[in-house]
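Report on the structure
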There are 2 protein chains.
Amino acid sequence: MSKPLILITNDDGITSPGIRNLVEAARELGTPFVVAPDSPQSGQGHAITITKPIRLKEVDIFEEVTAYECSGTPADCVKLAKNVLLADQTIDLCISGVNHGSNASLNIIYSGTMSAAREANIEGINSIGFSLDSFSYKADMAPSKHYALQIMKAILAEDKEKNILLNVNIPDLPLAEIKGIKVCKQGKGRWREKFLENTDPRKQTYYWLDGEFKSDSEDQNSDLSALRDGYVSVVPCQNDLTHYPMIKGLNYLEKI
Amino acid sequence: MSKPLILITNDDGITSPGIRNLVEAARELGTPFVVAPDSPQSGQGHAITITKPIRLKEVDIFEEVTAYECSGTPADCVKLAKNVLLADQTIDLCISGVNHGSNASLNIIYSGTMSAAREANIEGINSIGFSLDSFSYKADMAPSKHYALQIMKAILAEDKEKNILLNVNIPDLPLAEIKGIKVCKQGKGRWREKFLENTDPRKQTYYWLDGEFKSDSEDQNSDLSALRDGYVSVVPCQNDLTHYPMIKGLNYLEKI
């Protein structure tokens, strides 16, 4: 049997430590193939590039691994990999990250890392987004690699028809202090924004987004509580945003 | 009682016909307040601007309506409205659009229009994204205005605690031919991409995203079927992406 083909992308850019970590993990399980943004794309959400051309450039920065840097968004990278670069091959798994910063809870909405994984999922590829709960580029990546390897191995053994999409977040702890994995739900929380307001050298006002993420509940089965308690959180995700219970309550709109 | 304060944004940019249409509709129900992108932002998904400053400029393009153009994304516009421009006021409703092009089905994932509405929803504001099933800037906007007015009136009468988020899509038909409103679920479908591949004046290869949206089911209760049958589709949405049935099936990951 041929080795599984593992597409790797991220949103921090192709030169970030996190993606190197995933390449090393994927190398142990199959053939890594990298298509990642040529610059940081944090906060890009599920943006795609439709009003301008996208560039691809093959780069030699991972030993014996084919890699392309892309001028587009994380979702663009996956679309180009699936429809252009690997159009005649079967991608067995797509992994995205390791993101520098948690994508637990509502962060999934803003996350380029998770959008890349979601795009692969939409294309029918089992996919996993990995994020480390630390914004530091010097954070210890060894625990992320350890758990990425375990979870990738498990998902490679899964049926592709299941169309699995996982949001995996790893606590910023030494490997020995991580208590294991929790398969759980998306926690409730949101950013409390404040904008830094200042003037530029030409005396024009500018605003710069800042804020603090706050949990909105103490739910024991959420990714937020798993991370807080020292577990790796694994949330299976889907793309149907319908609020089903509300359909009935709004049925009266059909009569206005 | 004071008139309701209605925040209006979009992703096609502040000068597009769609937003003007919503301003005119909102004027009949309350006080419109516009914060919208200074350039088209289609396909921006839930992108937010975190690595650079954002600019706001007050503009006088809607008669007797306060309006700001913003250098950021649709989600940025809502964050700035809520946290800076209207920080000391209560926003009664946020409306986004009218988008030029359908945001039914999976398009909600890529849509800047719906991301703006979702951002308001996250901030606790009842919100509605409106999209017209036509990419033409010359499309007839009268039916959109008619239905936007009816739906806005209904949602303004709703309890704010319900935290309503609606994805409304309007068929490209004359008002008399639209059969009414269907409150329904998100349809199953996705884009089939193809990339135009070409070379620029400097002989460098570029790729340009193209594709075709295809429905994946004939479900009678979906927005796709409602639109096809000549109805305005209204899908109530939420932000929990957890695939609940899959949690149990993946529990074994806790033991690897």
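Because the structure is predicted, anything quoted here is derived from the model rather than measured.

Counting its secondary structure elements, chain A contains 7 helices and 11 strands. What you see for chain A is a C-alpha radius of gyration of 19 Å, in line with the 18 Å of a compact globule of 256 residues. Projected onto its principal axes, the C-alpha positions of chain A cover 55 × 50 × 50 Å. Expressed as a percentage of the 256 residues in chain A, the buried residues total 51%. Considering only residue pairs separated by 6 or more positions, chain A has 77% of its internal contacts joining residues 24 or more positions apart.

On to the sheet that holds strand S3 (residues 56-59) of chain B. All names here are of chain B. Spatially, 9 strands are ordered S3-S4-S2-S1-S5-S6-S7-S11-S8 in an open sheet, and the strand pairing comes out mixed. At either margin of the open sheet sits one strand with a lone partner, and together these are S3 and strand S8 (180-183). Averaged over all neighbouring strand pairs, the angle between strand axes comes to 20°, with direction disregarded. Pairing of strand S1 (residues 5-9) with strand S5 (residues 93-100), which is carried by 4 bridges, proceeds in the parallel orientation. Bridge pairing in S5 places Ile6 opposite Leu93.

Contacts between the two partners involve 60 residues from chain B, matched on the other side by 60 residues from chain A. Here the residues of the side of chain B that touches chain A sort into 34 nonpolar, 17 polar and 9 charged.

For the rest of this paragraph, the subject is the packing of helix H1 (residues 17-27) of chain B against helix H5 (residues 142-156) of chain B. Residues and elements named next belong to chain B. Closest axis-to-axis distance for the H1/H5 pair is 9 Å, and the angle between their directions is 45°. Judged by the angle between their axes, H1 and H5 are oblique. The two elements H1 and H5 cross, and the hand of that crossing is right-handed. Where H1 approaches H5, its residues Asn21, Leu22, Glu24, Ala25 and Ala26 are matched on the opposing element by Ser144, Lys145, Ala148, Leu149 and Met152. Counted by class, the contact of H1 with H5 contains 6 nonpolar, 2 polar and 2 charged residues.

Here we come to the sheet that holds strand S6 (residues 127-132) of chain A. Residues and elements named next belong to chain A. Spatially, S3-S4-S2-S1-S5-S6-S7-S11-S8 is the arrangement adopted by the 9 strands of the open sheet, whose pairing is mixed. In the strand order of this sheet, the two ends are held by strand S3 (56-58) and strand S8 (180-183), each with one partner. Across the sheet, the mean angle separating the axes of adjacent strands is 20° when strand polarity is ignored. Both S6 and strand S7 (residues 165-170) contribute to a ladder of 6 bridges, which runs parallel. Along S7, the bridge assignment pairs Leu132 with Ile170. Across the sheet, helix H2 (residues 74-85) touches strand S1 (5-9), strand S2 (31-37), S3, strand S4 (66-70) and strand S5 (93-100), and the angle it forms with S2 is around 130°.

Further remarks concern helix H1 (residues 17-27) of chain A. Every buried residue of H1(A) is accounted for by Gly18(A), Ile19(A), Asn21(A), Leu22(A), Val23(A), Ala25(A) and Ala26(A). Contact partners of the buried residues in H1(A): S1, S2, S5, S6 and helix H5 (142-156) of chain A.

Let us now look at the relation of the copies chain B and chain A. For the pair chain B and chain A, the superposition axis carries a translation of 0.0 Å, the fit reaches an RMSD of 0.0 Å, and the rotation angle comes to 180°. Within this description, the copies of the chain are treated as partners about a two-fold rotation axis. A high fraction, 100%, of the interface residues of chain B reappear at the interface in chain A, so the copies pair face to face through one surface.

Residues and elements named next belong to chain B. Tracing the backbone shows Asp210 in strand S10 (residues 205-215). Asp210 sits 26 residues away from Cys184 along the chain, and the two C-alpha atoms are 28 Å apart. Residue contacts for Asp210: discarding those within four places in its chain leaves Lys194, Phe195 and Leu196.

A few words on the packing of helix H2 (residues 74-85) of chain B against helix H4 (residues 112-122) of chain B. All names here are of chain B. Their axes nearest at 7 Å, the elements H2 and H4 cross at an angle of 25°. Classified by the angle their axes make, H2 and H4 are roughly parallel. Two packed elements cross with a definite hand, and for H2 against H4 that hand is right-handed. Contact with H2, carried on its side by Pro74, Ala75, Cys77, Val78 and Lys79, involves Gly112, Thr113, Ser115, Ala116, Glu119 and Ala120 of H4 and no other residues of that element. When grouped by side-chain class, the residues that make up the contact of H2 with H4 number 6 nonpolar, 3 polar and 2 charged.

When strand S9 (residues 189-199) of chain A meets strand S10 (residues 205-215) of chain A, the two strands line up antiparallel, connected through 11 bridges. From the neighbouring strand, Glu197(A) faces S10(A), where its bridge partner is Tyr207(A).

Reading the values: the criteria
Residues numbered from 1 in each chain as written. Chains lettered and ligands numbered in written order. Predicted model: local features only at pLDDT ≥ 70, side-chain atom pairs only at ≥ 80, totals over all residues. Helix = DSSP H or I, 4+ residues; strand = E, 2+ residues; numbered from the N terminus. Rg over C-alpha atoms; globule rule 2.2 N^0.38 Å. Buried ≥ 20, exposed ≤ 12 C-beta atoms within 10 Å, placed from the backbone. Contact = placed C-beta atoms within 7 Å. Pairing = 2+ DSSP bridges. Axes fitted to C-alpha atoms, helices over the stretch in contact; angles between N-to-C directions. Nonpolar A, V, L, I, M, F, W, Y, C, P; charged D, E, K, R; others polar. Parallel < 35°, antiparallel > 145°, perpendicular 65-115°, else oblique. Left-handed = near helix turned anticlockwise from the far one by under 90°. Least-squares fit on C-alpha atoms with pLDDT ≥ 70 in both.

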